[in-house]
Amino acid sequence: MYYMRRRATIFRDYGEFGYITDNRNYGYRLADEGENLIGDRIVSQSGKVFLAALDRLPKSLDRILEEITDVFKGISYEDIKDDAIEYYAILEQEGFVVSGSDYLSCLEGDHVFSYTQQIKSDPNDNKKSSEISEPDTQEYLDEHYYKGRVRLAHIHIEIAGLCNERCVHCYIPHENKTTAMDKYTVLEVLRQCRDMNVLNVTLSGGEPMLHSSFIEILQRCNEYNFSVNILSNLTILTDEIIREIKNNPLIGIQTSIYSMNPDIHDGITSVKGSLKSTIASVQKLIENDIPVQISCPIMKANMGSYKDVAEWGKRLGITVNADYVIIGRYDGSMSNLDCRLSLDDIKKYVSEMIESDSAYLHSLEEEAEKRRMRAGEDYICSVCHSSMCVAENGDVYPCAGWQECVLGNVYNEPISSIWDNSLKAKGLRNLKYKDFPKCLDCKDREFCTMCLVRNANDSVSGDFMSASKYFCDVARVTHEIFDNRMTG
């Protein structure tokens, strides 16, 4: 028999136990894929040994046993073999492991992301064994490993400040897009993240594919079993890059399309022919069954054409996220905010979405209910709780767009030291809703996403504790439209 871990799973070793998860919380998926995903689980120390012996390519049982028999001193070969077969059968039933009578049948049994064939799982097949059932896996990790320490699960690395587009709304000033992080620093950051059991890496820029070692960086991410999100305009996607991306089923790509009209899209990117190039690359990704997601930031220039992007994505089975959140440039210049929708535009957009898409109204209602339950002791967001960003110059900051809030620099100290010891990070980590009493008592809070970087970049002084008036007004008009719709 041959066995392998599913290629679209993430495995981590926590010493006394192991952890395995699918990519549901990190990857981009088909628009109508639903929740046919396998979840996650904690495995015991012995179970971890069995899992660690598997690769993301098939191995014969004999070879697996050769690798693990020395770990189980005093236990007979036949007993280890029987336990391995039984344990792998449990993990296969749960969806984490694939088996086959030979190498090829095992490999073919690993169903990966596909635009043409969606594998629908039977929920009755996902029966968890009793090895560790309760508590919840995340609670278990916190209690038995992190023990009150915050854990870095996601890291965003801007590997290249360089960019071949000049998008009018970008929060990074164009004159700052001139450098790239050297290859060895990127690889060292990835190594440190592996040692910290980070799960998800976002590679962006600028344009990340402009990095001269982009393919080598992807290879290292694959070696370290990271879930990877790539943020790219896709205008310089090559067949060589596609081949490397296909080697890692944990990679998904997000790109921006602003309009199906090239005059509008190219006007926003300031590069003639950019829409044609991006669309051609999206189609190549689909042909190669690589998960892709479309972002469509809505601004004055494309207010009348974002629906065409959504319809195009729907026909292809691609998720399209349209959003009118344009944040100010991180240097405080805010000149890009001329692109922002006016409040009248916001009213029109929200009204149109409510009328045309019942799911949009439902999502507003769900989010309002969640925010209604917020209490003063709740933390603001994931800033410095589970994620942070690294710029191409080595500066570490809380989240994308907040480059003026420097927590440390990877050229001077390890990621783990910055994460654990930065005084700024600790301060942000301790912020709670009670620290924003005006917001906590606001009648429109159910329709507002408190965002520190929005506050900072909308403030001339960079004051992240002062709520952005623009987004306060957006929450107010959204609330008014929602109430009118629900009562009318």
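The structure we're discussing is the one just above.
Presented here is an overview of the structure given in this document.

Quick look at the packing of aromatic side chains now. Under the counting rule described, the total for this entry stands at 18 aromatic pairs. Between Tyr-2 and Tyr-103, the aromatic rings sit 6.3 Å apart at their centres with planes inclined by 80°, giving edge-to-face as the arrangement. Taken together, the residues span a long stretch of sequence, with Tyr-2 in strand β1 (residues 2-5) and Tyr-103 in helix α4 (residues 103-108) at a distance of 101 residues. Here Tyr-2 falls in the partly exposed class, since its relative accessible area comes to 25%. The interplanar angle of 85° and the centroid separation of 5.1 Å between the aromatic rings of Tyr-470 and Phe-471 together place this pair among those described as edge-to-face. The pair Tyr-470 / Phe-471 is uniform in exposure class, with both members buried. Within the aromatic cluster, the residues linked to one another by ring pairs are Tyr-3, Phe-50, Phe-72, Tyr-87 and Tyr-88. Over the ring of Tyr-470 we find Arg-340; its NZ or CZ atom is 4.2 Å from the centre of that ring. One Lys or Arg, Arg-454, reaches over the ring of Phe-471 and ends 4.5 Å from the middle of that ring.

A word on the pairing of strand β7 (residues 154-158). Among the 5 residues that make up β7, 4 are buried, leaving the element largely enclosed by the rest of the structure. Pairing between β7 and strand β8 (residues 200-204): 5 bridges, direction parallel. Across the sheet, Ile-157 pairs through a bridge with Leu-203, a residue of β8. Chirality of the crossover, the property in question, places the unit of β7, helix α6 (residues 183-195) and β8 among those that are right-handed. With 4 bridges connecting them, β7 and strand β13 (residues 387-390) associate as parallel partners.

What counts and what doesn't
Residues numbered from 1 in each chain as written. Predicted model: local features only at pLDDT ≥ 70, side-chain atom pairs only at ≥ 80, totals over all residues. Heavy atoms only, no water. Phe/Tyr/Trp six-rings, centres within 6.5 Å; stacked < 30°, edge-to-face > 60°. Helix = DSSP H or I, 4+ residues; strand = E, 2+ residues; numbered from the N terminus. Buried < 20%, exposed > 50% of the residue type's maximum accessible area, 1.4 Å probe, protein only. Lys NZ or Arg CZ within 6 Å of the ring centre and 35° of its normal. Pairing = 2+ DSSP bridges. Right-handed = clockwise from strand over helix to strand, strands pointing away.

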